[in-house]
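Each chain is listed here by its residues.
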Amino acid sequence: MKLYMENLIKEFEGRRVLDIRELLIESGALCGIIGPNGAGKSTLLNLIAGLMKPTDGSLLYGEEETAVAPFREMTMVFQAPYLIRTTVDKNIAYPLKLRGWGNAQIEERVGELAEELGLTDFRKQKSWKLSGGETQKVALARALSFRPKLLLLDEPTANVDPATTAEIERMLRKINEKEGTTVILITHNLVQAKRVCREVLFMNQGKVVEFGAAERVLRDPEQELTKRFVDGELFT
Amino acid sequence: MEQIAIAFQAAIELLVTGDTALYEIVGLSLMVSLSSVVLSACLGVPCGALIGTHSFALKNALLRVIYTLMSLPPVIAGLVVFLLIMRRGPLGAWGITYTPAAMIIAQVCLVTPIITGLTYNIVRDRAPKVKALAATMGAGRLDALKLLIFELRIGILAAIVTGLGRALSEVGAVMIVGGNIKGKTRVMTTYIAQLKSMGDYSTAIAVGIVLLILAFLINTFLYNVQQKVEK
């Protein structure tokens, strides 16, 4: 799903936290958002997810460039995801039930995702008995269940072990390549950004500083700020 | 101490042999308390949920009023309701003074703020996450509300049971608006107060035991529901 933003502004109590002049994220992108704390990364993601309303400007979705957030075609995975207080199976099935899928279809899709993410043994487990890594995998499986056109992730691997991180990264690359899902991922891990993303967006103080191919932005940035951040100097 | 033991033994006998008047009082107590809690839940749960999920002007002031009413002394609630429904009062035409209906209204005034306040606290803490989940899953307003109620069911049930506990144990308001009339408005708590002043301790203890058993059964029910959900 293509995203186009123009003069997108978000203010909290008069303080401008996001100010994007123009930004186009093409359909099928696998884009990482990097930047120091307070750069506006999460605000941008929340605006795209429709969880916040912009103070001004336009945010358009898809080829039709509609201004209404297509909630049924996109989803978001949080750093500390909220699982419904029920079984893993029912959590993964939740968006499918909302979309009126039949029981047989749901069973098939849930089984497929559980196997893919190594959750088969946990399917009947209650959500509050899962570890952090398992919780994150269930949240990802739930998000992917209805094959969204746009997947937003806010530091999904910040609190999980390397094996789970690798599994999540593999899954993101797979759905992006095979299903053409546009993936936008906030990460503080530059190695991960290089490993997973094709494009990288560097933000600082609510503005887009640099956006381009991950390889180029992370290895040979055009902007001095980006260079300082990549070199580990800019942490404000 | 010996007198208490004798009274306790007499109370058990009274319960086992089955005193019709006693069971009528228990029945009326349950009817009044359950009716008031059902009405209070119908008012308090949606109000608490709305206040917890919305921002509006004077919200903080409203919350302070609700918290104050949560600890409203029953005699004040009873007095206000009595002044409203007495023959010369604004609702005097209803003719419900010294009836179970008046007792239910007084208890609704006491229990509704408790259920509203407790529901608000539960919703305020967890609703943002549940709402965000519902939105990111593509749920509509109705589905989001269903999910919110499902997720908060134990807390809401606990709020209702707390309200029921207040209704069952309340004496001041029902005494003022009901009048403790035998066979008409006499409930367990007002009966205990009367029996104490008459020096009939064994019957007072018997009624007290019934009250405790009811409280135990209510808490057992809640505990079982919680266990079932948590398993």
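Notes on the structure in this doc start here. (Residues numbered from 1 in each chain as written. Chains lettered and ligands numbered in written order. Predicted model: local features only at pLDDT ≥ 70, side-chain atom pairs only at ≥ 80, totals over all residues.)

## Focus on the overall build of chain A
Working step 1: Looking only at helices and strands, chain A features eight helices and nine strands.
Working step 2: Relative to the compact-globule value of 18 Å for 236 residues, chain A shows a C-alpha radius of gyration of 18 Å, a close match.
Working step 3: The principal-axis extents of the C-alpha atoms in chain A amount to approximately 50 × 35 × 35 Å.
Working step 4: Classification of the 236 residues of chain A by burial places 44% in the buried group.
Working step 5: Contacts in chain A between residues at least 24 apart in sequence constitute 67% of all its contacts with a sequence separation of at least 6. (Helix = DSSP H or I, 4+ residues; strand = E, 2+ residues; numbered from the N terminus. Rg over C-alpha atoms; globule rule 2.2 N^0.38 Å. Buried ≥ 20, exposed ≤ 12 C-beta atoms within 10 Å, placed from the backbone. Contact = placed C-beta atoms within 7 Å.)

## A few points about the sheet that holds strand β1 (residues 3–12) of chain A
Residues and elements named next belong to chain A.
Working step 1: The strand order across the open sheet formed by three strands is β2-β1-β4, and the pairing between neighbours is antiparallel. Looking along the sheet, the strands with just one partner apiece sit at the ends: β2 (15–25) and β4 (56–61). Sheet twist, expressed as the mean angle between neighbouring strand axes with direction ignored, is 20°.
Working step 2: Note: β1 against β2, nine bridges, orientation antiparallel. Note on β2: the bridge partner recorded for Leu8 is Ile20. (Pairing = 2+ DSSP bridges. Axes fitted to C-alpha atoms, helices over the stretch in contact; angles between N-to-C directions.)

## Concerning the packing of helix α5 (residues 100–136) of chain B against helix α7 (residues 153–169) of chain B
Residues and elements named next belong to chain B.
Working step 1: With their axes 9 Å apart at the nearest point, α5 and α7 run at an angle of 155° to one another. Comparing the axis directions of α5 and α7 gives the class roughly antiparallel. The interaxial crossing formed by α5 with α7 has right-handed handedness. Across the interface between the two elements, Gln107, Leu110, Val111, Ile114, Ile115, Leu118, Thr119 and Ile122 from α5 touch Gly155, Ile156, Ala159, Ile160, Thr162, Gly163, Arg166 and Ala167 from α7.
Working step 2: A breakdown of the residues in the contact of α5 with α7 according to their chemical character gives ten nonpolar, five polar and one charged. (Parallel < 35°, antiparallel > 145°, perpendicular 65-115°, else oblique. Left-handed = near helix turned anticlockwise from the far one by under 90°. Nonpolar A, V, L, I, M, F, W, Y, C, P; charged D, E, K, R; others polar.)

## Here we look at helix α3 (residues 103–116) of chain A
Residues spaced three or four apart along an α-helix point in a common direction, a consequence of the helix completing one turn every 3.6 residues.
Residues and elements named next belong to chain A.
Working step 1: Here α3 is 14 residues long and its end C-alpha atoms lie 20 Å apart, about the 20 Å a rise of 1.5 Å per residue gives.
Working step 2: Turning to α3, its buried residues are Ile106, Val110, Leu113 and Ala114. The buried side chains of α3 occupy one side of the element, clustering within an arc of 100° when seen end-on. Residues of α3 that are exposed and point more than 90 degrees away from the buried face comprise Ala104, Gln105, Glu108 and Glu115. (Expected span 1.5 Å × (residues − 1). Arc of directions from axis to C-beta.)

## Some words on the sheet that holds strand β9 (residues 207–213) of chain A
All names here are of chain A.
Working step 1: Overall, mixed pairing links the six strands, which are arranged β5-β6-β7-β3-β8-β9 in an open sheet. In this open sheet, the two strands that pair with only one neighbour each are β5 (74–77) and β9. The average undirected angle you get between the axes of adjacent strands in this sheet is 15°.
Working step 2: Bridge count for strand β8 (residues 199–204) against β9 is six bridges, and the pairing is antiparallel. Directly across from Asn204, in β9, lies its bridge partner Lys207.

## Brief notes about the interface of chain B and chain A
Working step 1: Each side of the interface is counted separately: chain B has eleven residues, and chain A has 13 residues.
Working step 2: Elements represented by at least two residues in the side of chain B that touches chain A include exactly α5 and α6 (141–151) of chain B.
Working step 3: Here the element with the most residues in the side of chain B that touches chain A is α5 of chain B; it accounts for six residues.

## A word on the environment of Leu34 of chain B
Working step 1: Turning to its location among the elements, Leu34 of chain B is positioned in helix α2 (residues 20–53).
Working step 2: Taking C-alpha positions, Leu34 of chain B is 9.7 Å from Gly163 of chain B, a pair spaced 129 residues apart along the chain.

## Concerning the nonpolar core
It is characteristic of soluble globular proteins that their nonpolar side chains tend to be buried jointly.
Working step 1: Counting residues in hydrophobic clusters, the biggest one holds 123 residues, and the most contacted among them are Ile33, Ala141, Leu152, Leu185 and Val200 of chain A together with Val81 and Ala106 of chain B.
Working step 2: Ranked by the residues each element gives to this core, the list is headed by α5 of chain B, at 19 residues.
Working step 3: If sequence neighbours within four positions are ignored, Val200 of chain A has contacts with Gly32, Ile34, Ala193, Ala214, Val217 and Leu218 of chain A. (Core = buried A, V, L, I, M, F, W, Y, C linked by C-beta atoms within 7 Å.)

## Looking at unusual backbone geometry
All names here are of chain A.
Working step 1: In this structure, Glu13 is a non-glycine residue whose phi angle is positive, near 50°.
Working step 2: In this structure, Glu13 sits in the loop between β1 and β2.
Working step 3: Given 5 C-beta atoms within a 10 Å radius, Glu13 is considered exposed.
Working step 4: Within the chain, Glu155 stands out as a residue other than glycine whose phi angle is a positive 45°.
Working step 5: Note on placement: Glu155 falls in the loop between β6 (150–154) and α5 (162–179).
Working step 6: For Glu155, a count of 20 C-beta atoms within 10 Å translates into the label buried.

## Let's talk about the pairing of β6 of chain A
Residues and elements named next belong to chain A.
Working step 1: With five of its five residues buried, β6 lies for the most part within the structure.
Working step 2: Taken together, the four bridges between β5 and β6 define a ladder with parallel strand orientation. Each residue of the ladder has a partner; that of Met74, found in β6, is Leu150.
Working step 3: Taken together, β6, α5 and strand β7 (residues 182–186) form a β-α-β motif whose crossover is right-handed. (Right-handed = clockwise from strand over helix to strand, strands pointing away.)

## A word on helix α1 (residues 41–49) of chain A
All names here are of chain A.
Working step 1: Within α1, eight of the nine residues are buried, leaving the element largely enclosed by the surrounding structure.
Working step 2: Buried within α1 we find Lys41, Ser42, Thr43, Leu44, Leu45, Leu47, Ile48 and Ala49.
Working step 3: Downstream of α1 by a residue or two, Gly50 has a phi angle that is positive, lying close to 80°.

## Things to note about the packing of α2 of chain B against α5 of chain B
Residue and element names in this part refer to chain B.
Working step 1: As a packed pair, α2 and α5 sit with axes 5 Å apart at the nearest point and diverge in direction by 35°. For the pair α2 and α5, the sense of crossing is right-handed.
Working step 2: Residues of the contact of α2 with α5, tallied by class, amount to 20 nonpolar, 13 polar and two charged.

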